[in-house]
Amino acid sequence: MGILDSKVPKGPLAEKWTNHKNSIDLVNPANKRNIDVIVVGTGLAGGSAAATLAELGYNVKTFCYQDSPRRAHSIAAQGGINASKNYQGDGDSDYRLFYDTIKGGDYRSREANVYRLAEVSTNIIDQCVAQGVPFAREYGGLLDNRSFGGVLVSRTFYAKGQTGQQLLLGAYAAMNRQIQRGKIRSFTRHEMLDLVLIDGKARGIIARNLVTGEIERHSAHAVVIASGGYGNLFFLSTYCMGANVMAAWRTHRRGAFFANPCFTQIHPTCIPVSGDHQSKLTLMSESLRNDGRIWVPKNLDDAKAIREGKLKPTELKEEDRDYYLERRYPAFGNLVPRDVASRAAKERCDAGYGVNKTGEAVYLDFSAAITRYGTEKAYTSGLKDPDADTVRRLGEEIIESKYGNLFQMYEKIVDQNPYKTPMMIYPAVHYTMGGLWVDYNLQTTIPGCYSVGESNFSDHGANRLGASALMQGLADGYFVLPYTIGDYLSNDIRTGKISTERAEFDEAEKAVKERLEKLMSGKGLHSVDYYHKKLGKIMWDKCGMSRNEKDLKQAISEISALRKDFWENVKVPGTANSKNQELEKAGRVADFLEIGELFAKDALERNESCGGHFREEYQTPEGEALRDDENYKYVAAWEYKGEPKDAKLHKEELAYEFIELKTRSYK
Amino acid sequence: MKIYLKIWRQKDATSKGQMVKYTMDGIEGDMSFLEMLDVLNEELISKGEEPVEFDHDCREGICGTCSLQINGRPHGPDTLITACQLHMRSFKDGDSITIEPFRAKAFPVIKDLIVDRSAFDRIQQAGGYISVNTSGNTVDANAIPIEKENADDSFYAATCIGCGACVAACKNASAMLFTSAKVSQFALLPQGRVEATDRVMNMVRQMDLEGFGNCTNTGACEVECPKGISLENIARMNREYLSASIKG
Ligand SMILES: Cc1cc2nc3c(=O)[nH]c(=O)nc-3n(C[C@H](O)[C@H](O)[C@H](O)COP(=O)(O)OP(=O)(O)OC[C@H]3O[C@@H](n4cnc5c(N)ncnc54)[C@H](O)[C@@H]3O)c2cc1C
Ligand code: SF4
Ligand code: FES
C-alpha cells in the first residue's frame, strides 16, 4: 500500500492541522520570488489558490479556457456556502459540521481532511466579507443564514441565489490585485493539453492558445490542477458547456491516480428534460427545499390526468397529494440529502406518478410557504384579518426576496409562473465527488502536482452535502494549499528557472500535436456532439442514479466500442492552427470516452451502495442504500495502464479513529 | 417553425466579415436560442461546412459569456435576459433573425460572433478590488455590521455579469454602466472605503484607455442590461469620481 500514503498527521483530530502547519518547512520570502507555480483553472479553488500563492510571493501563471477568469463554472453555484460560525446559536460547531459532512458522504471520506475543512470554514466567511463579498444580511446588519439538505442547523451563508458568482468575484478580485502587482500572469482562452514531467516531478504544462491554435510550453516548479468536475461526460448535466476532464485526465495519464470515479452526485431539484435538442439542464437550488414541499399525486389516475393536461396540480386536494419525503423521512422531511431525495423521486416516477409529459418530474410546491409567510407578514404589519389575496401577495413578496432570480429563471425556461403553479423538478447530474487522488497536502501521486477543488477527490466521500463544494474549493485555495505546497517547494529554492527547451517538453509537445492531428483526420461520418450524446445516454441509462452488474458490464463494452468508432469516424471541420470550437470539443469528448469506461469499471468493482453510488443488488428491504464497511471502506485509486480496462486498482483504507461508523438514517 | 437567419461570418480578427443567409426548419419553441444555433451547426458540419462560432458556457444567464446581437439588440428581443435564456418561443414562424457580434472598438472580433472583452478584465485589474491580504487573519465577519439596505444595493451592483451588452447597446460604446456597477459595489461597503479615491480614478482612467466612448446619458445600456443594473450606479460613480478629483 506504500504508494498511497495519505500523510495524515498524527495526534488528536482537532490539533492535526495546527500541528502540521507548525512542522512543515517554510520558504523564505526572498526565495519565493524565484519559484514559479502554474495554476490550471480559475474557479473558486484555482482563483483563490492563485491569489494567495501570489500574495505569499510566488510567481504564478493561471490558465482558463474561458475569456475571463471570472467566468469559471463556480459562477453558477446558487445556494450557498457552509461555515460552522454558529451565528444562529443553534448549536453548530466545527465538530458538528465535520460530523454532518462525514455522515453525508456515507463514511467514504478521509476523517482528517474533513475535520480540517470544518475547522477553516469560519475563516472563509471572514475572508470573503473582508474582500467585499455582499452576503445576505439581516436588518440588524449581521449576516443571514439558511439551511441545506442533510443537516439540522442553519449554517449556510448566501447571496440570494448567486452565491457562487459573488464568491468567485471575490477570488477574481483578489487575483486582479495580484495581476496588477505583476505577481500573476493570467492566460485566458488557453487550454492545458498535457502535463510535463522532469525526473518524475511535475515541471510544466503544454497549453493551446484557443484563439490562434498555437501550442505553448510553460514551465514551473509545481503545477496545481483546479480544473473542476467531469460530470459533463453525461452530456446533459448542470455543468457549463465547456466543463471537461482534460487537465485531470492528462495528469492521470502521466501517472496521477484517479480516485472514486463513479461517485457522482445527482441533484434532485433540476428543471426536467423537455426535448431532444436540449443541451444542458438547469439547477433549481436546493435551498428551495427550505420552503418548497415535494409531492406527487397519491393516485395513479390523478397522475395520468395531470400528464394529459386534464387536471391542474392546484386543483388536487391536500389529501390526494403524497408528500413522499415527509412521509418516508419524518426527521429531515424535504431536507434529506441529495442522493436520498433523488432516489425517492426516481422511485415515484418509475412507479408511474410522474407529473410532466415524459413522466419524469415531481412537484416542488411553494403554496404553503407563501401562505405562511404572507400571514406572518400581515400580522407584523398590523393587518389582523387579512383576506386570502393579501396574504398571497405578501407571501409572494417574501418568496421573491429570497429566491427571486431562481423563480425568474424557471419561468424563462419552462414558460410557467412558479408563484402560481408548483415547479416541476427532476434529478440531474451535478457534481463529481471523484477526482485526482491527493494526500493530506493535496498533492497527487506525481510529486509537485497538486489538485484542489472539484478536480480532486478529497473531503466529500460518496455524496456531497449542499453548500460544501464552495467551502472545499475556497478552503483548499485560500487556506490549505498555500501552506502545504511550501513544504514541497522548500526543496526547490536552488533549482532556478526550468527551461522549456528540455527534451521532456519536446516529447510532450509532439504527443499533443499528434493527438490534435489524429482528431482532425477522422473519416468524417459524425459530429463530436453525436458521440457525446451517445456516451451520455449510456452513462445515464447504465451508470446513472442506480446501477447493476449487468448494465455496468454492458456499459464498459459499449463505451469502448464507441471510443473506437470516435477515433475512426469523428468529423472535425476547420484547422488546428486557428480558433476551432469543434476541435476543442473533440479533445474533451475523447477524454470523456476514456473516463466513462473507468467510471463504469469503478462502479462495477464496488459491490455495495453508498451515497451517490447505488447498486441495485445492495439495498435494504425499504430500498435504502446498503453499505459494506467491512469490504469497501476504502478509496479506490486507479493507476493508468493504457486502455481503461487495464487500469490498476489501489486501495487507501479509510481509518476512522474519532467517529463511529453508523448506518446513515434520516428518518 | 421556419426561421430565416442572417449571420455575421468572419474568419479571424484580420479578415473581412460578411452576412450569410441560412434557412432553418422544424424549430421548436422550447429550444433556447443557442440550442437553435447548435442545430444549425450540426447541419453545417454534416454538409462539410464550418460551424458558426459563438461564445457561451453556463447557458443559464450567469457567466456572462454569451454575447449575441440579435435583430440589432444585445441578447435579443426580451428584456432582463441573456441570449442563452432567450427561447425560440419569442419568435414566430417565418421570422427573419439577424445575428451579429457585439460591436465596439474596445471589443475586437475574434471569429464569427466571438469578440474579445478582455478590456473589462483590465478595468477590474486597475482597482476593482479591496486590498486585503488573503491570509485569513481578518476580523470576524460580523464585526462589520452593514445596513441591510446598503448591503442589498451593493449586492445588486455586484450582480453585473460582465457581459458587455451595455457597451454594445450604447451608441458611444461607453462602458460606464459596467464600470459604475463595479465601483458602486465597493462604494457602498465600509470595507473598501480607504482606497475609494484611487479605485474610481484608476478604473475610469483604464476605461478611457481601452477606447470605450463617453456616456451621454442615453440610457440604452440600462434597457438592455440582462441584470437590471440601474443608471443610479452611474450617478454614484460620478459622485465618487468628482469627490476623488477634488481630493486628488
Ligand atoms: C448550477 C450549480 C449550482 C451549484 N451550487 C452550489 C452551491 O450552492 N453550493 C456549493 O457549495 N456548491 C455548489 N455547486 C458546486 C460548485 O459550484 C462547484 O463544485 C465548484 O464551484 C467547483 O469549483 P472549482 O474551482 O473546483 O472548479 P470550476 O469553477 O469548475 O473551475 C474550473 C476551472 O478550470 C478551468 N479549466 C478546466 N479545464 C481546463 C483546461 N484543460 N485547461 C485550462 N483550464 C481549464 C476552467 O476554465 C475553470 O477556470 C454548484 C454547481 C452547479 C453546477
Ligand atoms: S452592466 Fe449589465 S449589460 Fe453591462 S456588463 Fe454588467 S450585466 Fe452586462
Ligand atoms: S452562456 Fe452564460 S450567460 Fe449566457
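Each chain carries its own residue numbering, running from 1 in the direction its sequence is written. To read the labels, note that chains go from A and ligands from 1, taken in the order they are written. Reporting of local features is limited, given that this is a predicted model, to residues whose pLDDT is at least 70; pairs of side-chain atoms are given and counted only at 80 or more, and all residues count toward the totals for whole chains, interfaces and linings. To get the side-chain values, take all heavy atoms of the structure and skip hydrogens and water.

In the annotation of an unreviewed UniProt entry, chain B is listed under the name Fumarate reductase iron-sulfur subunit and assigned to Muriicola soli. UniProt positions are given in the numbering used here, feature names are shortened, and annotations may be inferred rather than shown by experiment. According to its UniProt record, chain B has this under Sequence similarities (unreviewed entry): "Belongs to the succinate dehydrogenase/fumarate reductase iron-sulfur protein family." Under Catalytic activity (unreviewed entry), UniProt gives the following word-for-word description of chain B: "a menaquinone + succinate = a menaquinol + fumarate".

The name an unreviewed UniProt entry gives chain A is succinate dehydrogenase, with Muriicola soli as the organism. One UniProt comment on chain A, placed under Sequence similarities (unreviewed entry), says "Belongs to the FAD-dependent oxidoreductase 2 family. FRD/SDH subfamily." The UniProt entry for chain A carries this comment under Catalytic activity (unreviewed entry): "a quinone + succinate = fumarate + a quinol".

Turning to the overall build of chain B, a few remarks are in order. Secondary structure is summarised from DSSP: a helix means a run of H or I of at least four residues, a strand means a run of E of at least two, and numbering begins at the N terminus for each. Within chain B one finds eight helices and seven strands. Projecting the C-alpha coordinates of chain B onto the three principal axes gives extents of approximately 60 × 35 × 35 Å. Counting the 248 residues in chain B, one finds 60% classified as buried. Summarising the internal contacts of chain B: among those between residues at least 6 apart in sequence, 70% fall at separations of at least 24. For every accessible area listed, the method is Shrake-Rupley and the probe measures 1.4 Å; residues are considered covered only by the protein chains on display. Within the structure as shown, chain B displays about 9,700 Å² of accessible surface, and the carbon and sulfur contribution to it stands at 49%. Counting rule for charge: Lys and Arg are taken as positive, Asp and Glu as negative, and neither His nor the chain ends is counted. Taken as the charge centre is NZ of Lys, CZ of Arg, CG of Asp or CD of Glu, depending on the residue. Charge centroids of chain B, computed over 26 positive and 34 negative side chains, lie 6 Å from each other. Remark: exposure states derive from per-residue accessible area (1.4 Å probe, protein chains only) relative to the maximum for the residue type, with buried under 20%, exposed over 50%, and partly exposed in between. The contact definition used throughout considers only heavy atoms, calling two residues in contact when any of these lie within 4.5 Å.

A common way to express how large an interface is: the accessible area buried when the components associate. Residue and element names in this part refer to chain B. The domains assigned to chain B are domain 1 (3–111) and domain 2 (118–247). Where each domain begins and ends follows an automated or database-derived domain assignment. Between the C-alpha centres of domain 1 and domain 2 the distance comes to 29 Å. Across the boundary between the two partners, domain 1 contributes 19 residues, which contact 20 residues of domain 2. Take the accessible area each of two parts loses on contact, using a 1.4 Å probe, and add the two losses: that sum is the buried area. Each partner contributes to the roughly 1,400 Å² buried at the junction of domain 1 and domain 2, and carbon and sulfur atoms together form 61% of this total. The largest share of the area that domain 1 buries against domain 2 comes from P74, A106 and F107, three residues that together contribute 33% of it. Note on definitions: salt bridges are taken to be side-chain nitrogens of Lys or Arg within 4 Å of carboxyl oxygens of Asp or Glu. Counting across the domain 1 and domain 2 interface gives one salt bridge. Polar contacts here mean pairs of N or O atoms no more than 3.5 Å apart (in protein, one a potential hydrogen donor and the other a potential acceptor; neighbouring residues in sequence count only if both atoms are side-chain atoms). On the surface where domain 1 and domain 2 come into contact, there are two residue pairs in polar contact (both at pLDDT 80 or more). Gly is placed with the polar residues, together with every amino acid not listed as nonpolar (Ala, Val, Leu, Ile, Met, Phe, Trp, Tyr, Cys and Pro) or charged (Asp, Glu, Lys and Arg). Classifying every residue of the side of domain 1 that touches domain 2 gives nine nonpolar, seven polar and three charged.

Our next topic: the interface of chain B and chain A. Listed by partner, the interface residues are 75 residues for chain B and 75 residues for chain A. Summed over both partners, the interface of chain B with chain A comes to about 6,100 Å²; 50% of that surface belongs to carbon and sulfur atoms. Between chain B and chain A we count five salt bridges in total. Applying the counting rule to chain B against chain A returns 44 residue pairs in polar contact (both at pLDDT 80 or more). Listing elements by their share of the side of chain B that touches chain A, those giving two or more residues are α1 (33–46), β6 (109–111), β7 (114–115), α2 (118–125), α3 (148–158) and α5 (176–187) of chain B. Partitioned by chemical class, the residues of the side of chain B that touches chain A number 33 nonpolar, 23 polar and 19 charged.

Here we take up the packing of helix α5 (residues 111–130) of chain A against helix α13 (residues 469–489) of chain A. All names here are of chain A. Put simply, α5 and α13 touch, their axes get as near as 9 Å, and they point 80° apart. Classified by the interaxial angle, the pair formed by α5 and α13 is roughly perpendicular. Packed against α5, whose contacting residues are R116, L117, V120, S121, N123, I124, Q127 and C128, the element α13 presents M471, Q472, L474, A475, Y478, F479 and V480 at the interface. Here the axes come from fitting lines to C-alpha atoms, over the contacting stretch only for helices, and the angles between their N-to-C directions go from 0 to 180 degrees. These descriptions rest on fixed angle ranges, namely under 35 degrees for roughly parallel, over 145 for roughly antiparallel, 65 to 115 for roughly perpendicular, and the rest for oblique.

Residues and elements named next belong to chain A. In this scheme, strands are said to pair when DSSP sees at least two bridges between them. Reading across the sheet, the five strands line up as β11-β15-β14-β12-β13 and stay open at both edges, with antiparallel pairing between neighbours. Each edge of the sheet is formed by a strand with only one pairing partner; in this case those strands are β11 (264–270) and β13 (321–322). Relative to strand β15 (residues 423–432), β11 is paired through five bridges, and the arrangement is antiparallel. By the bridge assignment, T264 is partnered in β15 with T432.

Okay, α2(B) next. Within α2(B), seven of the eight residues are buried, which leaves it mostly tucked inside the rest of the structure. Listing the buried residues of α2(B) in full gives B:S118, B:A119, B:F120, B:D121, B:I123, B:Q124 and B:Q125. The inward-facing, buried residues of α2(B) contact α6 (163–180) of chain A together with α4 (165–169), α5 and α6 (196–209) of chain B.

A word on the site of ligand 2. Residues and elements named next belong to chain B. Residues are counted as near a molecule or strand when any one of their heavy atoms sits within 4 Å of it. Near ligand 2 there are 13 residues, and of these C160, C163, G164, C166 and C225 occur at the shortest range. Going through the elements one at a time, α4 and α5 are the ones with two or more residues in the shell around ligand 2. A class-by-class count of the residues in the shell around ligand 2 yields eleven nonpolar, two polar and no charged.

Time to look at the pattern of salt bridges. Residue and element names in this part refer to chain A. Tallying each qualifying case throughout the model produces 76 salt bridges over all chains. Between E652 and R110 there is a salt bridge, with the nearest N and O atoms lying 2.8 Å from each other. Of this pair, E652 sits in strand β19 (residues 648–653) while R110 sits in the loop between α4 (94–104) and α5; the two residues are 542 residues apart in sequence, bridging distant segments of the chain. In this structure, E652 and R110 share a single accessibility class: buried. When salt bridges with common partners are traced through the structure, they connect D106, R108, D339, R343, R606, E608, R627, D629 and R664 into a single cluster.

This paragraph deals with the UniProt feature "active site" (unreviewed entry) in chain A. Here the UniProt feature "active site" (unreviewed entry) sits at A:R338. Excluding residues within four positions of it along the chain, A:R338 makes contact with A:F148, A:Q265, A:I266, A:H267, A:P268, A:E286, A:R289, A:H430, A:R464, A:G466 and A:A467.

Residue and element names in this part refer to chain A. Take the residue count of a helix, subtract one, and multiply by 1.5 Å to get its expected span. Between the first and last C-alpha of α5 there are 30 Å, a value that for 20 residues agrees with the 28 Å anticipated at 1.5 Å per step. For α5, a buried count of 17 out of 20 residues is recorded, marking the element as mostly surrounded by other parts of the structure. Just beyond α5, the residue with positive phi is G132, at close to 95°.

The next thing to look at is the domain arrangement of chain A. All names here are of chain A. Splitting chain A by domain gives domain 1 (13–263 + 433–491), domain 2 (269–427) and domain 3 (502–630). Taken residue by residue, the interface counts 24 residues in domain 1 and 25 residues in domain 2. Both faces considered, domain 1 and domain 2 share a buried interface measuring about 2,000 Å² in area, 55% of it formed by carbon and sulfur atoms. In terms of surface lost to domain 2, no three residues of domain 1 exceed Q78, L236 and T238, which account for 27% of the buried area on that side. Counting across the domain 1 and domain 2 interface gives zero salt bridges. Counting every contact that joins domain 1 to domain 2 gives seven residue pairs in polar contact (both at pLDDT 80 or more). Here the side of domain 1 that touches domain 2 is composed, by residue class, of ten nonpolar, eleven polar and three charged.

Next up on the list: the site of ligand 1. Residues and elements named next belong to chain A. Taken together, 37 residues form the shell around ligand 1, and within it Q66, S74, G79, M192 and E454 come nearest. L44 places a polar main-chain atom, nitrogen or oxygen, 3.1 Å from an oxygen atom of ligand 1. A distance of 3.2 Å separates a nitrogen atom of ligand 1 from a polar backbone atom of Q78. Compared with its free state, where it exposes 1,000 Å², ligand 1 has 98% of that area covered by protein. Listed by contribution, the elements that provide at least two residues to the shell around ligand 1 are α3 (44–56), β6 (190–198), β15 and α13. For the shell around ligand 1, the element with the most residues is β6, which contributes three residues.

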